[in-house]
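So you can see what is in the structure, the chains are spelled out below.
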Amino acid sequence: MTTRNRTTHIGTAAIGFGLTGTFIYLVMINVTLTHIEAVSGYIPFDMRPFGYDHTDAAHLLDGLGPDGRHYYLTRQIPLDTVYPAVLAATLIATIIWLGRRIANDGLIRIGIILSVACALFDYAENLGIVAMIWGWPDASTTLVFATSSATVLKSIATTMAVCVVLTIGGIAGLSRKPKFL
């Protein structure tokens, strides 16, 4: 396979993963997370980038009631099981696609590590949410703290990964030679 073919394939993968991730994200934002907030009256765990404490978790889980907690487990969690992998694949493919034009391998490695980290922290968050729902009303303060920490770390890693993608894109864009020269 030639370099041009690999570049085309990785670019196609970046776009395909990106479109898939955008679709899943829009379904979560406009359907499942909106429903969870409407039923409970509280912002879902997934949408609290600065975390939450045991009282916040109690309000949300009590507000959801048994049907809302079941909905969280059977609608939001399955979508959020696919989304982190798709987001990481999007970020990694985009980093590799754009990174072929830059000389900074370290920045590319950092971007890939952050992309994987945002997915892993999202999965840790999801496991914590499932454990809190299954254990409700006996979810420990330690469990809530660990889950909240995963939420915060997911938010930080995702923001940093996106910033690295934008930086690589900017560097790659600046390194392009105008065709008229």
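For the structure, check the block above.
Residues numbered from 1 in each chain as written. Predicted model: local features only at pLDDT ≥ 70, side-chain atom pairs only at ≥ 80, totals over all residues. Heavy atoms only, no water.

> Help me get a handle on the packing of aromatic side chains, residues and values and all.
Summed over all chains, the structure comprises three aromatic pairs. Judged by centre distance (4.8 Å) and plane angle (50°), the ring pair of phenylalanine 45 and tyrosine 52 falls under tilted. Taken individually, phenylalanine 45 and tyrosine 52 each receive the classification buried, so the pair is uniform in this respect. Judged by centre distance (6.2 Å) and plane angle (40°), the ring pair of phenylalanine 45 and tyrosine 72 falls under tilted. Pair noted here: phenylalanine 45 is in the loop between helix H1 (3–40) and helix H2 (54–99) and tyrosine 72 is in helix H2, with a separation of 27 residues, a long-range link. Given a relative accessible area of 0%, phenylalanine 45 falls into the buried group. A relative accessible area of 0% means that tyrosine 72 is categorised as buried. (Phe/Tyr/Trp six-rings, centres within 6.5 Å; stacked < 30°, edge-to-face > 60°. Buried < 20%, exposed > 50% of the residue type's maximum accessible area, 1.4 Å probe, protein only. Helix = DSSP H or I, 4+ residues; strand = E, 2+ residues; numbered from the N terminus.)

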